[in-house]
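# Working through the structure, step by step
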Amino acid sequence: MKTKLIALLAFLTAIIILSACVQESKQVDSGDVPEGFVLVKGGYFTNVNSNLYGKDEKVEDFYIGTHLVTQREWAEVMGSNPSEFIGDDNRPVEMINWYDAIEFLNRKSELENLEPFYAIDKENADPNNFGQEDDIRWTVTINPGANGYRLPTEIEWEYAASGGQLSENYLFSGSDDPDEVAWHFRNSGDAYLTEFWYYSIILANNCRTRPVGQKLPNELGLYDMSGNVREWCWDWHGEGVSPAGGEGRVIRGGGWLGQEDVCAVNYRNFLEGHYRFNDMGLRLVRNR
Amino acid sequence: MKFKRVIALLAAMAMVFGLSSTPVFARDYVQSWVSCCGNITANGTHDCSVGRVQMSSNLNTGNFSVTWQTKIQGRGFNNLQGVGWRTGRDNRVMGYNAGSFNHTSGSTGCTYLTAYGWFRSPLTEWYVVDRWANYGNTTGTNHGTVSVDGGTYNVISERMTGANITGNGPFLKIKSVRNAQRPIGQNNTVTFQTHVNRWRQVSNPDFRNLSQHDYQTIIIEGFQSSGNANVTMWGN
């Protein structure tokens with residue numbers, strides 16, 4: 001009897017250890033993860049709320065920043081802070097357009113002796129840019145093998161926001177309750193707004209960005225994927241995944257100004273690349 | 001629930017048999033107000049250096065009232081109150097009775113009563129403006145008129161860039177502005193279907209596929225003005 005009990009305990013212990021190892025191997029790798037990043041293990045979408053759940057779209061491994069790029073990080077690279085909501089440089093940088101983001105990423109790569117991920121041609125307008133308003137229109141191409149900083153692709157952003165292989169099928173990045181994980185128009189000001197969205201109310205309520213990392217992280221340890229500022233992605237907006245051209249660049253995640261439904265992991269939007277707004281920022285990504 | 005159904009049934013019967021003008025209550029009100037006094041609340045009085053506002057609302061009856069006074073011009077004192085539905089509908093008929101609507105600051109500031117809401121695709125802010133003071137010339141493209149609810153409205157659209165329900169960015173705005181102001185103290189209807197049908201026919205093709213309602217309300221807004229208003233609204 002005693003022997004059977006010991007065998008059972010040993011068996012259960014083995015199961016627990018094995019289970020932990022399986023869970024661990026889904027996400028963690030022994031490779032060197034850059035400081036401030038997590039390794040997102042690739043695979044197919046597992047969050048049932050994702051646009052690409054059940055689709056034949058596989059994501060490769062990549063590193064992504066745990067936080068939005070802050071005003072301090074931006075100023076260290078670019079020499080100045082363009083943000084409107086100042087006073088705490090741990091707030092996310094905003095008032096940057098897509099081209100500013102690309103220049104920042106390359107410059108940061110150079111400062112850290114990494115190979116820039118982007119090649120920027122400022123002389124020739126991008127023929128794949130079908131936007132009506134964009135007055136910059138640089139042609140930006142990628143160096144796919146470079147180890148420098150880059151923007152997430154849309155599919156990478158949604159995969160990471162929805163929890164990757166550790167997804168618990170949340171509607172927002174890390175919760176079904178947007179207030180737990182996201183700064184949006186209701187909770188980003190002095191009082192919690194229960195009323196309908198109205199810009200005068202939002203102004204009067206002093207709604208604003210907040211220092212990064214104050215809400216709960218998602219399953220991968222990523223903060224503010226659903227709120228605070230919206231995030232520029234690499235892709236053109238258009239049909240399918242990563243179209244060759246489009247009217248503007250994909251933006252993902254909600255911000256302090258928008259309604260909470262915009263914070264959902266599956267909400268898609270875009271802007272022409274030249275726009276600078278006080279609810280637009282970015283997050284760092286690197287190839288593995 | 002049963003009690004609400006009985007009340008609604010009685011109110012409907014009263015209207016059918018002409019025994020009373022008691023409206024059928026709306027079922028899904030939201031309401032809001034603002035002043036630039038640094039305070040946000042649904043009801044009560046707020047008094048500060050730039051303005052004073054006193055508001056009350058009853059989501060069960062659909063009644064809201066507001067009295068406001070701008071003290072310092074140019075300081076952005078702005079107030080708004082309204083009730084409505086979290087999700088709009090093309091075929092909703094919004095009823096209201098403005099027991100009072102007074103703009104008391106003469107040529108200073110503006111005040112208006114409007115049905116108001118958003119479509120999500122394409123992202124569009126819409127107005128059906130029924131009564132106003134100093135509303136002024138509306139900028140934008142004029143698309144002619146639409147006749148409904150006993151009056152004629154000018155239809156005007158505009159491309160905007162700025163704050164909207166999704167964040168900052170481009171969006172569309174379209175308005176129906178009534179030619180003659182609607183009287184106070186009587187039951188009025190806003191037949192939204194007629195407006196949206198007309199909007200979908202304007203020359204700008206972007207409006208042809210207006211769809212995916214966000215909220216749908218009736219509001220009073222006073223911008224750097226003084227005045228008072230009392231409105232009861234209903235609908236289905």
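Now for a look at the structure at hand.

About the criteria used
Residues numbered from 1 in each chain as written. Chains lettered and ligands numbered in written order. Predicted model: local features only at pLDDT ≥ 70, side-chain atom pairs only at ≥ 80, totals over all residues. Heavy atoms only, no water. Helix = DSSP H or I, 4+ residues; strand = E, 2+ residues; numbered from the N terminus. Buried < 20%, exposed > 50% of the residue type's maximum accessible area, 1.4 Å probe, protein only. Expected span 1.5 Å × (residues − 1). Contact = heavy atoms within 4.5 Å. Polar contact = N/O pair within 3.5 Å; in protein donor to acceptor, adjacent residues only side chain to side chain. Salt bridge = Lys/Arg side-chain N within 4 Å of Asp/Glu carboxyl O. Pairing = 2+ DSSP bridges. Axes fitted to C-alpha atoms, helices over the stretch in contact; angles between N-to-C directions. 1 Å grid on protein atoms, 1.4 Å probe; cavity = no way out; pocket = protein on both sides within 12 Å on 5 of 7 lines; lining within 4 Å. Points joined across faces, edges and corners; volume = space filled by probe spheres on them. Nonpolar A, V, L, I, M, F, W, Y, C, P; charged D, E, K, R; others polar. Buried area = accessible area lost by both parts, 1.4 Å probe. Phe/Tyr/Trp six-rings, centres within 6.5 Å; stacked < 30°, edge-to-face > 60°. Lys NZ or Arg CZ within 6 Å of the ring centre and 35° of its normal.

## Here we look at unusual backbone geometry
With an omega dihedral of -15 degrees, the bond running from Ser-121 of chain B to Pro-122 of chain B counts as a cis peptide bond. By the secondary structure assignment, Pro-122 of chain B is in the loop between strand S7 (110-121) and strand S8 (123-133). Of note in the backbone geometry, Met-95 of chain A takes a positive phi value of approximately 60 degrees without being a glycine. Tracing the backbone through its elements, the reader meets Met-95 of chain A in the loop between helix H2 (71-78) and helix H3 (98-111). Accessibility expressed as a relative area gives 24% for Met-95 of chain A, which makes it partly exposed. For Asn-169 of chain A, which is not a glycine, the phi torsion comes out positive at approximately 65 degrees. Structurally, Asn-169 of chain A can be placed in the loop between helix H4 (154-161) and helix H5 (178-181).

## Things to note about H3 of chain A
All names here are of chain A. Its 14 residues place the ends of H3 20 Å apart at the C-alpha level, agreeing with the 20 Å of an ideal helix rising 1.5 Å per residue. Taking burial as the measure, the 14 residues of H3 include 11 buried ones, the bulk of the element. Taken together, the buried positions of H3 are Trp-98, Tyr-99, Asp-100, Ala-101, Ile-102, Glu-103, Phe-104, Leu-105, Asn-106, Lys-108 and Ser-109. Residues of H3 that are buried sit in contact with H2, strand S5 (118-121), strand S6 (139-142), strand S7 (149-150), strand S8 (230-236) and strand S9 (249-252). Where H3 begins, the capping side chain belongs to Asn-97, and its oxygen is found 3.0 Å from the backbone nitrogen of Tyr-99. Downstream of H3 by a residue or two, Asn-113 has a phi angle that is positive, lying close to 60 degrees.

## Observations concerning the pattern of salt bridges
All names here are of chain A. Tallied over the full model, the rule gives 20 salt bridges over all chains. The salt bridge partner of Lys-122 is Glu-103, with a shortest N-O separation of 2.6 Å. A residue pair is termed long-range when its members are at least 10 positions apart, and Lys-122 in the loop between S5 and S6 and Glu-103 in helix H3 qualify at 19 residues. Arg-230 serves as the salt-bridge partner of Asp-279, at 3.1 Å between the closest nitrogen and oxygen. Of this pair, Asp-279 sits in the loop between strand S10 (268-271) and strand S11 (280-281) while Arg-230 is found in strand S8, placing the two residues 49 residues apart along the sequence. The pair Asp-279 / Arg-230 is uniform in exposure class, with both members buried. Salt bridges here are not isolated pairs; linked through shared partners, they connect Glu-154, Glu-158, Arg-252 and Arg-268.

## Focus: the sheet that holds strand S2 (residues 44-47) of chain B
Residues and elements named next belong to chain B. Ordered in space as S2-S3-S4-S14-S6-S12, the six strands form an open sheet in which the pairing is antiparallel. Both outer strands of the open sheet, S2 and strand S12 (187-191), are each paired with one neighbouring strand and no more. Put simply, the sheet's adjacent strands are angled 20 degrees from each other on average, direction ignored. As defined by bridge partners, strand S3 (residues 51-58) adjoins strand S4 (residues 63-70) across eight bridges and the pair is classed as antiparallel. What sits directly across from Ser-56, in S4, is Ser-65.

## A short note on empty space enclosed by the protein
Residues and elements named next belong to chain A. With the rule as written, the count across this model stands at one cavity of 30 Å³ or more. Approximately 30 Å³ is the volume found for the largest cavity. Around the largest cavity, the lining residues are Arg-230, Ile-251, Arg-252, Gly-253, Val-262, Tyr-267 and Asn-269. In the lining of the largest cavity, the residues fall into three nonpolar, two polar and two charged.

## What to know about the interface of chain B and chain A
Of the residues lining the interface, 33 residues belong to chain B; the matching set on chain A comes to 26 residues. Carbon and sulfur atoms supply 60% of the area that chain B and chain A bury against each other, a total of about 2200 Å² over both sides. Summed over the shared surface of chain B and chain A, the number is one salt bridge. Close ionic contact of Arg-120 of chain B with Asp-261 of chain A constitutes a salt bridge, the shortest N to O distance being 2.5 Å. When residues of the side of chain B that touches chain A are traced back to their parent elements, those giving at least two are strand S1 (31-32), strand S5 (78-85), S7, strand S10 (151-164), strand S11 (167-178) and strand S13 (211-223) of chain B. No other element matches the five residues that S13 of chain B contributes to the side of chain B that touches chain A. Grouping the amino acids of the side of chain B that touches chain A by side-chain chemistry returns 16 nonpolar, 13 polar and four charged.

## Quick notes on the layout of surface pockets
Taken as a whole, the largest pocket encloses approximately 1000 Å³ of empty space. For the largest pocket, the lining is made up of 31 residues, of which Glu-247 and Phe-270 of chain A together with Pro-122, Arg-159 and Pro-170 of chain B are closest to its centre. Those elements that place two or more of their residues in the lining of the largest pocket are S10 of chain A together with S7, S10 and S11 of chain B. Among the elements that take part in the lining of the largest pocket, S11 of chain B stands out by supplying five residues, more than any other. Split by residue class, the lining of the largest pocket holds 11 nonpolar, 12 polar and eight charged.

## Some points on the packing of aromatic side chains
Residues and elements named next belong to chain A. Under the definition given, this model contains 23 aromatic pairs over all chains. A centroid spacing of 5.3 Å and a plane angle of 85 degrees characterise the contact between Phe-45 and Tyr-159, whose relative ring orientation is edge-to-face. Here Tyr-159 lies in helix H4 and Phe-45 lies in the loop between strand S2 (43-44) and strand S3 (58-59), a separation of 114 residues in the sequence. Owing to a relative accessible area of 1%, Tyr-159 belongs among the buried residues under this scheme. Taking the centre distance of 5.6 Å and the plane angle of 35 degrees together, the rings of Trp-98 and Trp-234 count as tilted. A residue pair is termed long-range when its members are at least 10 positions apart, and Trp-98 in helix H3 and Trp-234 in strand S8 qualify at 136 residues. Above the face of the Tyr-149 ring, Lys-108 is positioned so that its terminal group lies 5.1 Å from the ring centre.

## Notes on the sheet that holds S7 of chain A
All names here are of chain A. If you trace the four strands from one edge of the open sheet to the other, you get S1-S4-S12-S7, paired in antiparallel fashion. The sheet is open, and its two borders are formed by strand S1 (37-40) and S7, each paired with just one other strand. The sheet contact formed by strand S4 (residues 62-65) and strand S12 (residues 285-287) spans three bridges and is antiparallel. Residue Tyr-63 lies in a different strand from S12, and its bridge partner there is Arg-286. Together, S1, S4, S7 and S12 form the strand contacts of H4, whose direction differs from that of S4 by roughly 70 degrees.

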